[in-house]
Amino acid sequence: MYWLSSDLIFPDYDEVNSEGIIAIGGDLSPERLILAYQKGIFPWFNEEDPIIWWFPQDRFVLFPENLHVSKSMKKVFRDQTFTYSENKAFREVITNCSQAYRKDQDGTWITNDMIEAYCTLHEMGIAKSIEVWQNDELVGGFYGIGMGDVFCGESMFAKVSNASKAGFIQFVAKYHKKYKLIDCQVYTEHLASLGAMEIPSDVFLEYLEHNQSK
């Protein structure tokens, strides 16, 4: 297993193990996080563990043109059940994501250090939050990293039914011309129902490399 040093580098992709782990250790500095996302790598670890960096061989993504909006979700929009905002409550969104219950997951992977690291990226204009409101209460949302024409989604939460789905649909519909691909990282039924699918990691990298060649 490749252990990161203080040097700002990541190993070659052939270092990825069968689980999708490419490296361990390092830090959550803005410079390292930005480099990681440019390479399609993301951190995901439990609080008591060292930082674990992932590069799944099958990448779960949504192409905006494949967005599926069910009849029930169309009714949510017709009824104007929620209102939406961007970057109005980033810290509140990531904190709620850290506290959200996840099926088959013991505890949270969004540690205090992760919260502070991504809040710093938000202050730099790199991390973005989408907020979903109902009666002036924050009831859902998600956050992620914008990398050119790829948006790397990190986590979402919902306090009431359909809140996170509505926020995600609103975001994709608004930015379908800006973002060619939404990176959802790993499979979830929640996002599969909205049209997300798995693609090989080398195909995913082509989109990231196109970003950097502009």
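Everything quoted here is computed from the prediction, not taken from an experiment.

Here we come to the sheet that holds strand β3 (residues 42-43). Spatially, four strands are ordered β1-β2-β4-β3 in an open sheet, and the strand pairing comes out mixed. Looking along the sheet, the strands with just one partner apiece sit at the ends: β1 (3-4) and β3. In the sheet, β3 pairs with strand β4 (residues 52-54) via two bridges, with the strands oriented antiparallel. Among the inter-strand pairings, Pro43 is bridged to a residue of β4, identified as Trp53.

On to the packing of helix α3 (residues 90-99) against helix α4 (residues 112-123), then. Put simply, α3 and α4 touch, their axes get as near as 10 Å, and they point 150 degrees apart. If you check the angle between α3 and α4, you find them roughly antiparallel. Like other packed secondary-structure pairs, α3 and α4 cross with a definite hand, here right-handed. Where α3 abuts α4, its residues Phe90, Arg91, Ile94, Thr95 and Ser98 lie against Met114, Ile115, Glu116, Tyr118, Cys119 and His122. Across the contact of α3 with α4, the residue classes break down as six nonpolar, three polar and two charged.

This paragraph deals with the packing of helix α2 (residues 71-78) against helix α5 (residues 163-174). It is the contact of α2 with α5, at a shortest axis distance of 11 Å, that shows an interaxial angle of 80 degrees. Comparing their axes, α5 and α2 come out roughly perpendicular. On α5, the residues touching Met73, Val76 and Phe77 of α2 are Lys165, Ala166, Ile169 and Gln170. Here the residues of the contact of α2 with α5 sort into five nonpolar, one polar and one charged.

What follows concerns the pairing of strand β9 (residues 150-158). Burial analysis of β9 places eight of its nine residues in the buried class, the great majority of the element. In terms of strand pairing, strand β8 (residues 137-147) meets β9 through eight bridges, oriented antiparallel. Bridging across to β9, Gly144 finds its partner in Gly153. The hairpin formed by β8 and β9 contains two residues between the paired strands, and Gly148 there has a positive phi angle of roughly 65 degrees. Relative to strand β10 (residues 181-185), β9 runs parallel, the two sharing three bridges. The partner of Phe151 across the bridge, within β10, is Ile182. After leaving β9, the chain enters α5 and then returns to the sheet as β10, a path that is right-handed.

Definitions and cut-offs
Residues numbered from 1 in each chain as written. Predicted model: local features only at pLDDT ≥ 70, side-chain atom pairs only at ≥ 80, totals over all residues. Heavy atoms only, no water. Pairing = 2+ DSSP bridges. Helix = DSSP H or I, 4+ residues; strand = E, 2+ residues; numbered from the N terminus. Axes fitted to C-alpha atoms, helices over the stretch in contact; angles between N-to-C directions. Parallel < 35°, antiparallel > 145°, perpendicular 65-115°, else oblique. Left-handed = near helix turned anticlockwise from the far one by under 90°. Contact = heavy atoms within 4.5 Å. Nonpolar A, V, L, I, M, F, W, Y, C, P; charged D, E, K, R; others polar. Buried < 20%, exposed > 50% of the residue type's maximum accessible area, 1.4 Å probe, protein only. Right-handed = clockwise from strand over helix to strand, strands pointing away.

Functional significance is not addressed by these values, which are geometric in nature.
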